[in-house]
Amino acid sequence: MSSPVVARPKPCLVTVQAGRTYHWCACGRSAKQPFCDGSHRGTEFTPVKFVAGPKDEELLFCGCKQTRTAPFCDGAHSNLPGGSPLDDPRSEANRAVPVVGQRDGARALLNGECYVFSPELASMSERGSLRYCYMVSGEFGARYQTQLFLEVSADPSPAMTLGDRDVILFIGAGSGTVEISGRTFPVSATDGVYVRPSEAMRLTATAGQTMKVFVLACPLGKIEWLASIPTNFDASCEQRVVSVDAEQRTAMGPRYYQVLVDKRIGSQVITQFIGHIPPSKAAPHRHLYEEAIIVLSGEGYMWTEDRKARVRAGDVIFLPRKQLHSLEATSAEGIDVVGVICPGDNPSINYYD
Ligand code: FES
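Bear in mind that the values here come from a model prediction, so they are computed numbers and not experimental data.

Colleague: Any chance you could explain the environment of I265 here in plain terms?
Modeller: Along the chain, the position of I265 falls in the loop between β21 (255-259) and β22 (271-277). In this structure the C-alpha to C-alpha distance between I265 and A108, which are 157 residues apart in sequence, comes to 35 Å. Residues within four places of I265 in sequence aside, it is in contact with Y194, C237, Q239 and V242.

Next comes the structure, spelled out in structure tokens:
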């Protein structure tokens with residue numbers, strides 16, 4: 001079979017109307033991208049029919065025609081020539097962009113409701129051996145997710161739950177155990193951990209260590225403290241810890257990522273990944289999901305429309321849905337990040353204006 005024409009190396013954002021039928025162009029020859037205008041006649045391609053659901057919604061249709069999830073973008077465009085455009089941070093326009101001076105406590109405020117949260121500037125609450133703070137919440141503009149930073153050392157933490165929500169942990173430093181509703185899992189730095197809705201958890205650091213843990217829950221919610229840990233472990237999902245494995249990496253232009261916790265182990269609305277950004281600045285782009293990005297190593301800047309904020313290891317970037325942005329790595333070794341997207345299952349899907 002011959003290859004389709006790359007109509008455009010990026011997806012097309014379309015608001016589809018409830019119940020309406022669409023025909024997606026598979027050959028790439030249509031002048032009405034992303035939809036068919038009959039130009040496939042005489043080729044071996046046929047359009048893909050799509051019937052919209054019961055509500056109007058915004059969808060990203062594939063423009064490059066290389067997707068494996070037709071008619072929708074699956075991120076394959078990122079690996080095409082021109083599919084991962086870069087931006088010159090030293091261009092005349094970019095040199096005029098100021099570093100934000102405006103802060104709200106631990107948050108450096110960018111455009112929209114985007115911000116960079118620096119935990120070392122946060123006031124931490126304490127409960128027994130646990131120190132914690134909220135980094136992403138409804139109060140800070142999030143629509144879908146809550147994220148907390150926890151530090152535990154010496155004694156086990158109190159038992160806690162985020163109620164009827166999907167919860168994903170990232171072990172940022174140290175090692176120890178995570179007890180989930182009566183089942184105990186050993187964990188160490190860079191592991192992702194999944195806690196099912198209604199389950200509870202308790203964290204214990206290895207003797208002499210401090211375990212630093214990022215906790216993300218979807219939908220929005222508050223932590224509840226429990227007098228003891230319940231034993232309602234959901235045995236229909238046995239695997240709860242996912243470790244870094246270079247064999248599982250996916251290329252995304254010059255970047256790469258590995259999905260940690262996602263629907264394969266039961267998380268339906270949140271997807272967690274670990275990735276690397278070489279020294280570079282991506283062209284400004286947007287996502288249809290809300291995202292929180294933990295910077296694990298390296299330094300750089302988070303850019304939005306008319307400002308940028310310094311980011312360093314330990315910072316968390318909150319990125320609202322559809323916010324124009326670009327993450328620049330300035331360190332020679334690049335930046336390592338952990339991201340959590342929700343709702344969503346594919347961190348390589350982006351779109352450009
Ligand atoms: S535009 Fe084709 S996969 Fe994204």
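Back to the write-up after that little detour.
Colleague: I'm lost on the pairing of strand β10 (residues 146-153) in this one. Help?
Modeller: Most of β10 is tucked away, with seven of its eight residues classed as buried. Pairing of strand β9 (residues 130-136) with β10 involves six bridges; the strand directions are antiparallel. Bridging across to β10, C133 finds its partner in F149. Sheet topology places β10 next to strand β17 (residues 210-218); eight bridges connect them, and they run antiparallel. Residue L148 lies in a different strand from β17, and its bridge partner there is V215.

Colleague: What should I look at first to understand empty space enclosed by the protein in this one?
Modeller: Remark: the empty space left among the atoms is shown by a probe the size of a water molecule rolled over them. This model, assessed by the stated rule, comprises three cavities of 30 Å³ or more. Counted as a void, the largest cavity has a volume near 410 Å³. Within the residue set of the lining of the largest cavity, elements represented by two or more residues are β21, β22 and β24 (290-297). Sort the elements by how many residues they give to the lining of the largest cavity and β22 lands first, with four residues. Within the lining of the largest cavity, the residues separate by chemical class into 17 nonpolar, nine polar and two charged. Of the voids in this model, the second largest cavity is the one considered here, and its volume is about 40 Å³. Surrounding the second largest cavity, C25, A26, C27, S30, C36, D37, G38, S39, H40, T46 and P47 form its lining. Across the lining of the second largest cavity, the residue classes tally to five nonpolar, five polar and one charged.

Colleague: Help me understand the sheet that holds strand β27 (residues 316-319) in this model?
Modeller: Taken in spatial order, the nine strands of this open sheet run β5-β6-β7-β27-β24-β29-β22-β21-β20, and their pairing is antiparallel. Either end of the sheet is taken by a strand with one partner, and the two such strands are β5 (103-104) and β20 (250-252). One ladder, built from seven bridges, connects β24 with strand β29 (residues 335-342); its direction is antiparallel. Each residue of the ladder has a partner; that of A292, found in β29, is V340.

Colleague: Teacher, can you tell me more about the domain arrangement of the chain here?
Modeller: As far as domains go, the chain holds domain 1 (1-83) and domain 2 (122-242). For domain 1 and domain 2, the distance between their C-alpha centres works out to 41 Å.

Colleague: How should I be thinking about the pattern of salt bridges in this particular structure?
Modeller: One side chain can pair with another of opposite charge once the charged atoms of both are near each other. Applying the stated criterion to the full structure yields 18 salt bridges. As a salt-bridge pair, K263 and D345 come within 2.6 Å of each other at their nearest N and O atoms. Residue K263 is located in the loop between β21 and β22, and its partner D345 is located in the segment after β29; the two are separated by 82 residues in the primary sequence. What makes K263 partly exposed here is its relative accessible area of 45%. D345 sits in the partly exposed class, given a relative accessible area of 42%. Connected through salt bridges with shared partners, the residues E126, R131, E151 and K212 form a single ionic network.

Rules used throughout
- Residues numbered from 1 in each chain as written.
- Predicted model: local features only at pLDDT ≥ 70, side-chain atom pairs only at ≥ 80, totals over all residues.
- Heavy atoms only, no water.
- Helix = DSSP H or I, 4+ residues; strand = E, 2+ residues; numbered from the N terminus.
- Contact = heavy atoms within 4.5 Å.
- Buried < 20%, exposed > 50% of the residue type's maximum accessible area, 1.4 Å probe, protein only.
- Pairing = 2+ DSSP bridges.
- 1 Å grid on protein atoms, 1.4 Å probe; cavity = no way out; pocket = protein on both sides within 12 Å on 5 of 7 lines; lining within 4 Å.
- Points joined across faces, edges and corners; volume = space filled by probe spheres on them.
- Nonpolar A, V, L, I, M, F, W, Y, C, P; charged D, E, K, R; others polar.
- Domains from an automatic or database assignment.
- Salt bridge = Lys/Arg side-chain N within 4 Å of Asp/Glu carboxyl O.

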